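# What the coordinates show
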Amino acid sequence: MGTVEEPSRPVLKRLPTPATRRRLSAQAGLREVMGQFATGVTVLTAGGERAHGMTANAVTSVSLEPPMVLCCVSRAARMHEAIVTAGSYAVTVLASDQKELAKYFADWRRPAGLAQFDSVDWTAGPQTGAPLLDGALAWLECELAEVYEGGDHSIFLGKVVASSRGTAQDSLVFYSGGYHQIDGRVRASA
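Residues numbered from 1 in each chain as written. Predicted model: local features only at pLDDT ≥ 70, side-chain atom pairs only at ≥ 80, totals over all residues. Heavy atoms only, no water.

## Focus: the pairing of strand β9 (residues 138-150)
Alignment of strand β6 (residues 88-93) against β9, held across six bridges, turns out to be antiparallel. Bridge pairing in β9 places serine 88 opposite glutamate 143. Across 12 bridges, the pairing between β9 and strand β10 (residues 153-165) is antiparallel. Paired with glutamate 143 across the bridge in β10 is lysine 159. Hairpin connection between β9 and β10: a loop of two residues separates the two successive antiparallel strands, and glycine 151 in this loop has a positive phi of roughly 65 degrees. (Pairing = 2+ DSSP bridges. Helix = DSSP H or I, 4+ residues; strand = E, 2+ residues; numbered from the N terminus.)

Below, the structure written as structure tokens:
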């Protein structure tokens with residue numbers, strides 16, 4: 001009698017062992033895991049009677065036609081009410097030398113309203129009136145198109161009504177709980 005050959009089985013990769021990973025609670029896990037995801041650093045701003053600014057990295061492009069971007073803001077943040085009241089917002093994409101600006105707009109102790117912009121150089125956005133911070137990589141002005149609930153945050157979907165690019169070349173990024181610089185020379189050699 002002949003032997004029956006068993007069909008070959010695909011080789012499956014094993015999941016990391018408990019020794020190479022550690023389990024985290026849902027909230028702590030999300031914070032720690034997403035901290036390993038490098039993101040650009042922006043300052044969201046809104047003009048009008050509740051003018052406000054806030055450092056943010058939860059910003060992304062959504063669509064080219066029509067041009068749209070979104071940002072996520074805690075419903076408990078002052079920025080939330082500022083965007084809702086203004087019906088618009090701006091995104092300033094920070095350059096590598098703007099770490100202090102990122103820290104300033106992340107500090108809840110800064111003045112409220114337009115007074116928080118007294119110590120920084122800015123220009124009112126021509127479409128929304130939202131402060132656009134000088135020296136940045138780029139700027140977007142957005143009209144609020146939709147607001148979606150996302151847990152303890154709102155997802156603000158904005159239609160881009162104006163955009164511009166600055167002369168700065170290097171980017172500020174947030175990674176592993178700190179600010180880092182991306183040098184244009186790294187980009188050119190990749």
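That was the structure; now back to the text.
## What to know about the environment of glutamine 98
Residue placement: glutamine 98 occurs in the loop between β6 and α3 (99-106). Under the relative-accessibility criterion, glutamine 98 is labelled buried at 8%. For glutamine 98 and leucine 172, which are 74 residues apart along the polypeptide, the C-alpha to C-alpha distance reads 7.2 Å. Here glutamine 98 is in contact with Val93, Asp134, Gly135, Ala136 and Leu172, once residues within four sequence places are set aside. (Buried < 20%, exposed > 50% of the residue type's maximum accessible area, 1.4 Å probe, protein only. Contact = heavy atoms within 4.5 Å.)

## Regarding the environment of alanine 76
Relative to the helices and strands, alanine 76 resides in the loop between β5 (67-74) and α2 (78-86). In sequence terms alanine 76 and aspartate 152 are 76 residues apart; their C-alpha atoms lie 8.0 Å from each other.

## What to know about the pattern of salt bridges
A full pass over the atoms with the stated rule returns two salt bridges. Between lysine 103 and glutamate 100 there is a salt bridge, with the nearest N and O atoms lying 3.9 Å from each other. Here the residue lysine 103 and the residue glutamate 100 both occupy positions in helix α3, the gap between them amounting to three residues, near one helical turn. For lysine 103, a relative accessible area of 41% corresponds to the partly exposed category. Residue glutamate 100 is classed as exposed on the basis of its relative accessible area, which comes to 54%. Residue arginine 109 pairs with aspartate 107 through a salt bridge whose shortest N-O separation is 2.9 Å. Classification of aspartate 107 by relative accessible area gives partly exposed; the value is 22%. (Salt bridge = Lys/Arg side-chain N within 4 Å of Asp/Glu carboxyl O.)

Everything listed here is a matter of geometry and, on its own, says nothing about what the molecule does.
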